[in-house]
Structure formats: C-alpha cells, structure tokens
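Summary of the model geometry
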Amino acid sequence: MSHTIDIALTVNHIKYERSIEPRMLLSDFLRHELGLTGTHVGCEHGVCGACSVLFDGQPIRSCLMFAVQANGHEILSIEGLGTLDNLHPLQASFMEAHALQCGFCTPGFILTLVPFLEKNPNPNEQEIRQAISGNICRCTGYQNIVEAVKLAAEKMSAAHKE
Amino acid sequence: MNYVGKRIKRNEDPRLLTGQALFVDDVDLPRMLHAAFLRSDYAHARLKSIDISAALQRPGVVAVYTAEIMGEEWKPGPALVSPPPTVENVLFNSRTQVPLVKDKVRYAGEPIAVVIAESRYIAEDAVEDIIVDLEPLEVVADLEKALSPQSVLIHEDLESNLAAQMVQVKGDYAKARQEADLIIKRRIIIDRGAAAAMENRGIVADWDAKSHFLTVWDTTQAPIPIRNGLALRLGLSEHQVRVIAPFLGGGFGPKMMMFYSEEMLIPWIAIKLARPIKWIEDRRENFYATTQERVQIHDAEMALDHDGRILGIKDNFLHDTGAYDPYGLTQSHTMGAYDVANYYSEIKVVFTNKMITTPVRGAGRPQGIYIAERLLDLAAKELGIDPIEIRKRNFIPPDKFPYEHCIIDQAFSPLIFDSGNYQPVLNKAATMIGYDQFVKEEQPRLRAEGHHVGIGIVSFVETTGVGPYEGARITVQANGKISVATGVGTQGQGHFTSFAQIVADQLGVDVQDVQLVTGDTAEFHWGTGTFASRGAVVAGNAIHASAVAVRAKILKLASEVLKAPEEELEIKDGKVQVADIPHLSISLGELATLANPLRGAVEPGTEPGLEATAYFGPKYGATAFGTHAMILEVDTETMMVEIKRYVVVEDCGTILNPMILEGQVHGGVAMGIGNAYYEKLVYDENAQLLNASLADYLIPTATEVPRIVVGHEETPSPLNPLGTKGAGEAGAIPVPALFAQALENALPEYNLEILESPLSPNRLFELLQKKEKSQ
Amino acid sequence: MKIDGEYIFKGPREEVWRIIRDPEVLATALPGTKRLDKVGENEYQGEMNVRVGPVAGLFSGRLVVSKEVPLSSLTLTVDGRGSPGFANGSGNVILNDQSDGTTLMKYEGELQIGGKLASVGQRLLDTASKSMIHTGLEALDLALQARVAAKSEGKEVEYTPPSESKFAAAVAKDMAGQMLSSRTVWIIIAIIVILAIVAAVLISRAH
C-alpha cells in the first residue's frame with residue numbers, strides 16, 4: 001500500500017481536499033487529479049516553462065514542485081484566468097496578435113506574464129523579452145508574443161483609468 | 001473575395017487560450033492503464049536475457065511485454081515510403097524499426113520491454129525492476145567508418161552498412177568541369193538536430209471489446225495512414241479503427257513518422273488487456289525515442305565561368321539514416337534557385353547505431369541550400385563578385401518557367417519548378433535590410449569603432465504542396481453553419497481558420513460559422529497527412545473544389561425554390577437572395593433542410609442535402625522561393641551573436657491569411673536560428689547521446705530571436721486553382737547558410753571558411769583559435 | 001572520459017598496498033557500496049548506490065585486478081551497469097615512495113559512460129568523478145593512518161569509516177570547491193571535512 005498524505009489547497013478559487021502520494025508532482029495533480037488539463041508538461045525538468053502556474057501569486061514551475069508542497073496555498077492555473085465568454089486581456093491580446101500557433105506553451109507564457117504586467121504596467125520590448133526568456137516556444141518565434149504583451153499592457157492600463 | 005488574403009483572427013484560439021483544447025495527454029478514460037518503456041543504454045548490443053519477474057511482483061503492475069512474450073505477433077513495422085520507382089540505379093535495403101528488441105539492440109534508446117501499470121509512477125518504478133543482460137558490441141558511430149569493410153554490421157544479413165544508393169544525373173558535369181574557369185571543391189559537414197516540439201509524443205488506445213472497435217488518440221501528423229496501417233497489422237477492418245489526432249503541440253516532421261514502436265505496441269496491448277492504455281513520452285525519451293534530423297557529409301564541387309555563372313554542380317554525399325530506414329529517401333538537390341545545366345549527385349545512405357533520422361522542418365532542403373549557397377559564396381569571394389550580383393547572374397530567369405531539372409525531387413515526382421520571379425524578391429530583401437547603405441557606410445563606421453558586424457543574404461527554393469492528394473467534405477447544416485471535414489491534422493498552422501476563409505468566401509457565410517474537423521478518421525478517411533508544406537495547398541484546394549461544388553448545389557436548389565435563374569442569385573450573409581430583391585431570399589439553413597426532405601423524393605442521380613466531397617492531387621509540387629537577409633554582431637570574447645536586423649521576403653503564391661503566414665515565417669526563422677547556432681545533438685564515439693535535456697540542448701528563447709520583418713511577393717502557381725504554394729518550412733531553410741555568410745563577413749580579418757553546420761559559440765571560438773594559430 | 005590524478009598517502013608503501021588490496025576497507029572507503037565480494041583470485045563483484053545530480057540508482061558490476069606488481073602497481077578494470085546507465089573502463093595505479101615516508105599514488109585511466117548518466121549527468125560527470133575518487137582516497141588515507149598508529153602503539157586498529165551522508169556531504173563540498181576553483185576555499189573546506197571525520201573517529205573512540 002502506498003503512503004498518502006492529506007492536503008487541502010485552493011485552485012482557481014475553489015477549495016480542494018485530497019489524499020495523495022508525497023511524490024506526486026503538482027503538474028500531475030492539477031492535470032490528472034483535478035482534471036485541469038490546461039497546464040501542459042513540456043519537459044519535467046523546469047526548463048521550458050510550459051507548466052507555469054501561479055503559487056500565491058508568483059509564477060512557479062509545477063513540474064518542479066510536489067503537490068504536497070502546495071498544501072494550504074493558492075494556485076491559479078489558466079482555467080482560472082478567463083473563460084471563452086470572458087477572456088482576460090492577455091488572452092484576448094494573444095488572440096489579436098496571433099501570439100499562439102499550436103498553443104501548447106501558451107498557458108505557461110500567460111501565467112508568467114500576469115504578475116509581470118502587474119509589476120511593469122508599461123514594459124518596453126527588451127523588458128518583455130527578458131521576462132519571457134524562461135519560457136520556450138517552438139512555433140511563434142516570440143515576436144507576436146511581444147506584440148501581444150504590449151497590447152495587453154495598453155488594454156490593462158486603459159481599464160485601470162476607467 | 002471577402003476573407004481569403006485577409007488577416008483573420010483564428011477560430012481555434014479561444015479554446016487554446018483557456019485550456020479547453022484537447023491534447024493527447026488530456027485524454028482520460030475509466031480503467032485506463034499507463035505504459036512505461038525500458039530502453040537500451042547501449043547503442044549496439046546482443047540481447048541475452050530479460051528477467052521481468054521482479055517487475056511483475058510490484059503491486060500495481062498489470063503486465064510486462066517483451067519480444068519473446070509477443071511471440072508470433074511480433075513483427076517489424078511497415079516501410080513508409082518505398083524507394084523511388086522512376087529512377088534507375090537505385091539500391092535500397094529496407095530495414096524497418098521493431099516494436100521491441102528481439103535479438104539485437106541497434107541504437108541507444110531502443111525499447112526492450114514495456115510495463116503496464118495502474119499509474120505512470122508505478123510503471124516507471126517497475127521499469128527499474130527489470131534485469132536485462134546485454135552483451136555490448138562494437139559501435140558504429142562514424143558515418144565514414146560505417147562503410148569501411150572492417151566495420152561491424154548493424155544488419156547482419158546485409159553485406160555492409162549501406163542502406164541505399166542513388167545517382168542523379170542532369171546533363172554532363174564532367175564536360176562542364178572541363179570548360180570551367182573556376183572549380184570550388186569543398187567538404188561540408190552537417191550534423192544532427194532535434195525537432196523538439198513542446199509537446200512530446202503520446203498515444204492512448206481504447207479497445208471496446210463489446211463493439212469490437214478500436215479508438216486511438218495519437219500525436220501524429222498522419223492519422224489516416226496510421227489508421228489504415230493499424231487495421232492491417234491488427235487484423236481488423238479499417239472501419240473498426242478510429243484514429244484521432246486532436247490538437248498537437250507542434251509537429252515539425254517527426255510526428256509524421258509512422259509506425260513508431262509505441263504506435264505499434266500500445267494499440268496491440270489495449271486489445272490484449274481490453275483496457276485503455278496511455279503512453280506519454282517524457283522529454284528525455286523524446287531525445288532518444290523520437291526521430292531526428294540527419295548527419296550528412298558532402299564532397300561537393302561547383303564549376304563556374306569567370307563571370308560567376310554556374311556551369312555545373314557535383315555533390316557526392318553520405319547520409320546517416322540511423323539504425324533503420326523506414327522513411328525511404330528524402331534527399332534534396334543542391335542546385336538552389338539557380339539555372340544549372342549540369343548536375344551529378346551520388347547519394348549513399350548509411351546505417352549507424354543512432355536513432356532513425358526522418359525529415360524535420362526543411363527536410364533536406366536546409367542541407368541542400370547550405371551546400372549551394374556556401375559554394376556560391378566562396379566562388380564570389382574568389383572571383384571578387386558581390387554576393388547579390390552573383391546570385392542574380394544565376395537565378396532561373398522568369399521566362400524559363402516551368403523549369404525542368406530532369407531529376408526527381410524528394411516526393412519522387414520529376415523536379416520541375418512551376419513558376420517564380422526571383423530577382424524582385426532578392427532586390428526587395430536587399431532594400432528592406434538596407435544592404436547598400438550598410439556595406440558602404442554603416443559597416444565601415446562600426447568596424448572603425450571596433451565592432452565585428454556582418455551582413456548576409458541568401459536565397460532558397462522549396463518544393464511545396466506535393467501530392468499524392470487530399471480531400472474534403474463540406475456540408476451545409478440545418479442551423480446554417482457549414483461543417484468541413486478533411487484528413488490533414490493540425491499542429492498549430494491555423495487550418496481551422498485559413499480553410500474556413502476559403503469556404504466562407506465561396507458560400508457567403510461568416511468565417512466563424514465554418515466549423516472544421518481535421519485529423520479524425522471517423523470524419524474523413526482519405527488523405528495522407530500534414531508535412532512538406534502541403535496543408536494549405538493540397539487540402540486547401542480540395543476544400544476549395546468541394547466548396548465550389550456545394551455552391552453549385554446551393555444555387556441550383558435556390559433557383560428552383562426562389563423561382564429565379566441562377567445568374568440572378570447571390571449568396572451572402574448566410575442566405576441566398578435574388579440580386580437587388582432582398583425579400584426574395586432563403587437562408588442556407590432552410591435551404592439545407594429543404595434539400596433533405598422528409599416527404600417527397602430525392603431525384604435519381606442527385607444526392608440529398610447540400611454536401612459535396614472533392615479531392616485535389618497536384619502532378620508535382622509548387623516551388624516557393626524566398627530570400628533572407630541578416631545583420632549581426634559578434635562579440636569575439638564571448639562568441640555570442642546579436643542579430644541586429646532580420647528580413648525575410650517570401651514568394652509563396654496566393655496568400656490565404658497573411659497573419660498566419662507571417663507566424664509560420666517567424667517560427668521557421670526561430671527554428672533556423674537554433675539549427676544554425678545553438679542546437680546540436682552531441683553523440684560520443686559509443687553513439688551515446690550526451691545532451692538529452694533542454695538544459696543541454698539549447699532552443700532559442702525570446703532573447704536570441706530578433707524582430708523579423710517579412711515582405712511578400714506573389715507569383716501564383718499554375719498548378720492549382722487557388723494559386724498557392726506552401727510556406728510552412730520556408731523560415732527555417734536558409735538560416736544556417738545565412739549565418740555562415742554573415743559570420744564570415746563579420747570577421748574578415750580571420751578569412752574564415754565555414755564549412756559546417758551547426759555552429760555554436762564554442763565552435764566559433766575553436767575556428768578562430770585555429771586561424772589565429774596558423775597566422 | 002579521462003580520469004587521472006595523484007594522491008599522497010600519509011604512510012609507507014607496504015601499508016598502502018595492503019589497504020588497496022583489502023576488499024573490506026575498499027568497500028567502506030566508498031560508502032554507497034552495498035557489498036564488495038571477492039569472487040576470484042583477482043576478481044570482485046559488488047553493488048553500489050550511485051548519485052550524480054538528478055540521476056541515481058543501483059549499480060552492479062565487476063572489478064578485475066590485473067598486471068599486478070606487488071607493492072608497486074596494478075591495473076583495475078571495471079564493468080558496471082544499472083538503472084542509471086553503464087560505466088566501464090580501466091585504469092593504472094602506481095605507488096612510489098616519497099623521501100618523507102609518505103607514498104605518492106598516481107592513477108590514470110579511461111571510463112566509458114552511457115545511459116542516463118551520460119545524457120543527463122554530462123555536466124556533472126567530470127567534477128563528480130574527481131570528487132568521489134578524491135574523497136574516497138581521503139577516507140582510505142584515514143584508514144591507513146589508523147592502521148599505522150595502531151601498529152606502532154601495538155593496539156587494535158580503530159577506524160570508523162565515514163557515514164554515507166557525511167561522505168555525500170564531503171563529495172558535495174569537494175565538487176563545490178572544484179567549481180569555485182579557489183584554492184584557499186578548497187583547503188578550508190577540506191580541513192573542515194577532515195576535522196569532522198577525525199572528530200567522529202575521536203568521539204567513537206571515547207565510547
């Protein structure tokens with residue numbers, strides 16, 4: 001019989017309680033225990049950034065964390081950011097700027113950018129590229145992603161002014 | 001024309017952006033089991049024994065399979081592509097990959113056993129319980145040594161490690177050589193790289209024992225051939241098998257390879273155990289277990305006259321196919337975009353103890369273009385001719401199209417370039433990058449300040465949109481929306497949108513009301529797959545043909561219903577109306593319902609509904625053309641490269657959606673930059689892969705890829721009604737050649753001759769050191 | 001992968017020779033070694049836990065001693081495999097007297113590495129192997145000194161080999177020292193490690 005630990009955590013504003021093995025990765029927990037498959041696994045060694053989620057508001061790589069470490073914390077995954085009828089400005093901007101092609105790396109990029117834009121509401125190109133240099137995209141060449149971020153920054157600062 | 005040619009936002013994006021798109025690893029079925037593979041650490045070894053008893057004891061393990069356990073049901077995979085039938089003097093030894101190692105391991109990573117367990121964690125634990133006795137053999141890692149008579153044989157039933165040999169002849173090179181004023185002869189070496197899509201491979205197979213039906217979700221670029229092949233292998237009828245390629249996280253070529261060992265095994269196991277089985281590759285496995293791009297060693301020669309006109313090219317090269325050669329011969333010519341009257345090429349494909357190579361974005365053309373552009377650049381230097389000028393003197397002139405090369409291309413059709421107009425593209429690129437101003441003013445000024453800046457400009461051709469064919473079925477639904485089904489899968493190219501644009505224009509509907517299904521053999525089961533920059537061309541034209549047919553049916557029926565002649569009808573905003581009499585109209589949905597009567601009869605010789613299926617198969621591929629230009633700066637202390645400006649001008653015929661096209665170019669260039677300066681699969685002399693992780697295999701990030709400015713020219717293709725050519729690979733093809741030229745240009749004091757690809761900061765350092773020592 | 005280096009043992013050559021031909025002492029010099037059994041005149045079989053960065057697992061293998069010139073030199077051939085991959089190769093060991101009564105050991109050889117170790121552990125292999133060898137030789141040196149001291153005092157040899165965790169800490173520190181490549185830091189760390197081991201020995205003696 002494998003050894004399990006009880007955890008309680010909040011994911012996308014919903015509280016969950018589960019009994020899981022200590023070695024279960026947070027990425028596997030989100031995807032297979034909770035069925036939130038929007039978080040994608042690209043490498044399982046923390047390099048590609050596709051699995052990025054927000055942990056108490058900070059971007060982390062869910063493939064490098066055990067689910068038990070998230071006990072008592074708040075996770076935000078891509079499903080918690082916006083819906084089909086109500087896209088977050090970043091999601092809408094990615095669509096307008098054609099900043100995604102296969103879409104596999106996209107949730108990781110977007111969640112990395114949420115806290116970045118909060119801290120840097122008006123970033124320049126170089127700052128944006130630095131901010132996303134820890135996320136790998138094989139399809140877009142990054143240019144349209146940079147455009148999307150600029151667009152989102154505009155949208156979000158306009159919203160703030162209202 | 002309403003939609004084609006416009007920058008339309010993508011229909012598929014909202015689902016991808018909100019985590020609502022299905023990828024293979026998202027599939028979750030009740031009672032599903034998980035697979036993990038035991039793979040060989042040795043590159044060449046004899047399998048003596050396997051002891052799975054400890055693995056079977058582990059709680060949670062349901063089964064373990066080896067070649068022995070498979071017994072008579074073990075058989076090697078099918079060959080994908082048979083050798084070219086139209087060329088004489090072809091030698092081809094077909095040896096295909098196996099589901100599990102039976103007697104001999106031929107590459108490090110080859111699967112030896114598979115564990116099926118209740119969770120992936122348990123399955124991976126159980127893999128370590130398996131005890132394998134392998135007797136290591138001498139390893140064949142070097143391409144040239146592999147052909148020496150003393151070399152150990154990888155396939156012991158053959159006489160040597162030669163997998164294939166082919167000679168291509170055009171004109172008379174020997175004669176051209178005699179008449180030449182200059183011969184450039186060089187040895188050029190090209191090394192392995194990975195496609196490294198962000199999504200690793202995976203399969204879920206579900207056998208419903210009660211209805212005798214197999215459903216497979218597979219990260220494949222070719223669901224229809226997989227379905228047909230699986231049915232054959234498993235003794236089922238084709239209609240008992242459904243293969244679904246849902247959203248794929250990038251393909252780039254290796255997901256086109258069929259049948260991987262896992263693709264052969266997992267469905268078979270699903271039937272044996274009558275439970276759904278899931279296998280998802282992890283990133284390290286992806287480096288070992290997914291096919292890679294090739295090593296090639298070229299002894300190439302270009303004969304020119306003193307004006308820099310190419311009289312002939314000769315290229316003898318070795319191609320590393322890895323341990324098996326299921327994919328046939330995907331070789332490219334090395335004549336570039338040039339008017340070359342004499343060509344001789346001898347290709348030897350060689351087995352080595354490494355992973356199988358199959359095409360990755362570019363598929364032999366980056367290598368071919370590298371040779372052509374390098375030799376031409378070296379000739380330009382020797383003759384003192386400007387690199388742009390020498391290219392203009394050699395381009396195929398616009399009045400010579402269609403241009404026949406008298407050899408075959410990689411799809412085994414005759415190599416014919418359908419249309420093109422190359423000089424304007426080159427001129428545009430030169431203007432956009434500011435070539436003259438840079439060479440005359442900026443470069444000397446920056447050099448005086450101590451900067452090592454260089455400029456490069458290279459051109460390429462790409463055979464795209466090759467056959468055999470694709471098909472599509474279009475149906476007008478009762479709710480007025482249009483459903484389209486086609487066989488090509490999607491890996492991010494925007495098919496859901498670009499194809500919808502074609503349909504929306506023909507049928508007068510909003511592009512968002514066109515609902516596309518791709519990659520599901522239950523919806524459409526005739527076709528090949530997404531590769532060789534052919535999706536938009538071949539499937540797009542099939543969709544166009546089908547839409548035209550549906551449009552005709554709409555007009556015919558509407559004409560009866562509205563009692564007006566067809567010429568007076570127009571279709572727009574989802575309804576058919578008599579021109580200038582808006583109240584005489586009927587919506588497409590209502591028309592579709594009328595076409596499917598519950599009373600009355602369907603006339604003999606006609607079909608119910610507003611639906612049509614059409615196919616398109618071009619005689620040969622349409623040739624696209626492009627020019628890339630780049631200005632870079634090298635830091636001679638760190639060997640790091642900063643790309644200051646990057647311009648692409650491409651001509652891919654009629655453009656369906658410029659936004660999607662530019663995205664493809666950006667992505668291709670990023671991949672090309674990786675292939676040129678950062679990515680290399682490093683093998684040691686035991687054919688051990690030394691960098692099987694993204695920490696050590698360096699994919700460019702946002703700080704390595706520059707802004708790319710894209711310009712367009714449009715020379716339509718006469719080969720298809722839409723006039724399109726493909727562009728999926730265009731961004732990647734010329735980049736290694738571009739880097740070589742620009743680096744040589746940036747470091748003139750070293751008088752470098754770059755004859756290898758990929759380069760890297762380390763390698764550039766070594767090359768400069770060598771030069772310094774010899775001076 | 002090339003492996004070469006030198007080490008100075010604080011004891012006479014005959015004692016060093018005896019130690020390196022004693023499987024029990026060898027087994028303890030590299031903690032993580034689960035067993036090292038003599039299965040033939042010059043052949044040993046053993047199992048060892050190996051950890052290099054993210055790669056860990058059990059290795060089993062054979063060690064063969066050949067070309068023995070007693071008290072002077074020998075060749076070791078090793079062939080190990082396990083879930084982390086495989087490692088095989090051979091090396092020569094030469095002992096020479098030094099004028100101050102110490103013994104200089106020189107070793108050089110080649111190791112072929114494959115599997116996970118090679119493909120994921122590449123960056124760490126060089127420093128890890130150097131550190132493991134060096135720290136192992138240090139442990140052997142302590143054993144040697146305990147033996148020499150016991151002989152001269154006529155007592156039983158009292159030697160407590162370093163525990164697995166202490167060894168791992170020592171290797172890690174050594175590797176960090178290599179990477180920092182600051183001689184002073186390295187010396188300080190080495191001193192701390194040796195002091196810790198000596199302290200452990202002294203403490204256990206006191207019981």
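Described in the following lines is the structure provided in the data block. In this text the structure is predicted, and so the values were computed from the model without any measurement.

1. Re the overall build of chain B
A tally of helices and strands in chain B yields 18 helices and 30 strands. In terms of overall dimensions, chain B is globule-like: its C-alpha atoms have a radius of gyration of 28 Å, near the 28 Å expected for 775 residues. Expressed as a percentage of its 775 residues, the buried residues of chain B come to 58%. Long-range pairs, those at least 24 residues apart, make up 80% of the contacts in chain B between residues at least 6 apart in sequence.

2. Focus: the environment of C:Leu36
Residues and elements named next belong to chain C. Mapped onto the elements, Leu36 comes out in strand β2 (residues 33-40). Taking the C-alpha atoms as reference points, Leu36 and Arg81, 45 residues apart in sequence, are found 15 Å from one another. Leu36 has contacts with Pro23, Leu26, Ala27, Tyr44 and Gly46, leaving out every residue within four places of it along the chain.

3. Some words on the sheet that holds strand β23 (residues 569-572) of chain B
Residue and element names in this part refer to chain B. With antiparallel pairing, the three strands of this open sheet are ordered in space as β23-β24-β25. Each edge of the open sheet carries a strand with a single partner, namely β23 and β25 (581-587). Put simply, the sheet's adjacent strands are angled 30° from each other on average, direction ignored. As judged from the four bridges shared by β23 and strand β24 (residues 575-578), these two strands associate in the antiparallel manner. What sits directly across from Ile571, in β24, is Val576.

4. Observations regarding the interface of chain B and chain A
On the side of chain A, 44 residues touch chain B, which itself brings 44 residues to the contact. Secondary structure elements with two or more residues in the side of chain B that touches chain A: α1 (13-17) and α16 (658-678) of chain B. With seven residues, α16(B) is the single largest residue contributor to the side of chain B that touches chain A. Here the side of chain B that touches chain A is built from residues that sort into 21 nonpolar, 14 polar and nine charged.

5. Re the arrangement of the chains
For the two pairs of chains in contact, the maximum contact count is reached by chains A and B. If you take every C-alpha in chain A and every C-alpha in chain C, the smallest gap between them is 10 Å, and the two do not touch.

6. Re the sheet that holds strand β19 (residues 452-464) of chain B
All names here are of chain B. Strand order in the open sheet formed by four strands is β19-β27-β28-β29, and the pairing between neighbours is mixed. The open sheet has two edge strands with one neighbour each: β19 and β29 (709-713). With strand direction ignored, the average angle separating the axes of adjacent strands in the sheet is 15°. The pairing of β19 with strand β27 (residues 622-634) spans 13 bridges and is antiparallel. Bridge assignment links Glu462 to a residue of β27, and that residue is Ala624. Here α16 sits on the sheet in contact with β28 (641-651) and β29, set at roughly 135° to β28.

Reading the values: the criteria
Residues numbered from 1 in each chain as written. Chains lettered and ligands numbered in written order. Predicted model: local features only at pLDDT ≥ 70, side-chain atom pairs only at ≥ 80, totals over all residues. Helix = DSSP H or I, 4+ residues; strand = E, 2+ residues; numbered from the N terminus. Rg over C-alpha atoms; globule rule 2.2 N^0.38 Å. Buried ≥ 20, exposed ≤ 12 C-beta atoms within 10 Å, placed from the backbone. Contact = placed C-beta atoms within 7 Å. Pairing = 2+ DSSP bridges. Axes fitted to C-alpha atoms, helices over the stretch in contact; angles between N-to-C directions. Nonpolar A, V, L, I, M, F, W, Y, C, P; charged D, E, K, R; others polar.

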